[in-house]
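Here's the letter readout for the chains.
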Amino acid sequence: MSEAELIVRCEGVSKRFRRAWVLEDVELRLERGSMLGLIGPGGCGKSLLVKMICGLVRPDRGRIWVNGQELGGLGERQMQALRAQIGMVFQNYALFDFLDVGENIALPLRVEGLLPPKEIEQRVAEILDLVALPGIERKMPHELSGGMKKRVSFARAVVRRPPLVIYDDPTAGLDPVTSAKIYRLLARMKEEGTSSITISHDLDGIRPLCERWLLLDGGRKLFEGDLAALEACSLPRVREFWHGD
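Residues numbered from 1 in each chain as written. Predicted model: local features only at pLDDT ≥ 70, side-chain atom pairs only at ≥ 80, totals over all residues. Heavy atoms only, no water.

K.L.:
A description of the sheet that holds strand 8 (residues 195-199) should follow, citing residues and the corresponding values.
P.N.:
Pairing in this open sheet of 6 strands is mixed, and the strands run 6-7-8-3-9-10 from one edge to the other. Here the strands that pair on one side only, and so sit at the sheet edges, are strand 6 (86-89) and strand 10 (220-226). Neighbour-to-neighbour, the strand axes of the sheet open up by a mean angle of 15°, direction not taken into account. As defined by bridge partners, strand 6 adjoins strand 7 (residues 164-168) across 4 bridges and the pair is classed as parallel. Pairing of G87 across the sheet is with V165, part of strand 7. (Pairing = 2+ DSSP bridges. Helix = DSSP H or I, 4+ residues; strand = E, 2+ residues; numbered from the N terminus. Axes fitted to C-alpha atoms, helices over the stretch in contact; angles between N-to-C directions.)

Here's what the structure looks like:
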């Protein structure tokens, strides 16, 4: 796999809090237009790793490249420009309670400052249609169900059409019907060429979507590869997590 084909590459990424290493020597490669499933038990470092990929946390060791740029060599202004190329769907929605749905979704576009107000309104309406929530621009977050909040969070993450989207447990706490809607949205974004990293404990739900997998345990990489290799992996801890053996 050539460098031009990769949108994310991590080499030897490590992070220490106090005296303990919470991530150690993690490697990751994500090809453009593909989806990587980032899996592992709770507290193994999955969310910390994606925060480092977004430039929100800096590694103590190792190097990270996103869309051809090495994060370690970027200043704050360059980092902000890079973050604009990444959409993030948060597990806890992260919607602003004092903004209505339309304002929440439009916020990244307004901060970017490249589109006139009318075009922003049109983009918000289009993305709400995409997530099957047309016409709710004036509703406030407290008026929405958990599934609706998740889809609004999804809409805000992709409204700028970023080349990379990170989903942090996108179906956590949702009912099966709403989860199915979220997975259809993920599939549609993938069909449109978006690259993504998906953190999830719903292995059955993301199995049809991911070309590659990274399994972390205790801050270390136990496995990285495609689905066939993951199914055939004989490491006891990998089989325990993946097959329930």
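K.L.:
How would you summarise the pairing of strand 1 (residues 6-17) if you had to cite specific residues and measurements?
P.N.:
Counting buried residues along strand 1, 9 of its 12 residues qualify, which places the element largely inside the surrounding structure. Of the pairings in the sheet, the one linking strand 1 to strand 2 (residues 20-31) comprises 8 bridges and is antiparallel in character. Looking at strand 2, one finds that C10 is bridged to L28. In sequence, strand 1 turns back onto strand 2 through a hairpin of 2 residues, with R18 there showing a positive phi of about 55°. The sheet contact formed by strand 1 and strand 4 (residues 61-66) spans 5 bridges and is antiparallel. Opposite S14, over in strand 4, you have R61 as the bridge partner. (Buried < 20%, exposed > 50% of the residue type's maximum accessible area, 1.4 Å probe, protein only.)

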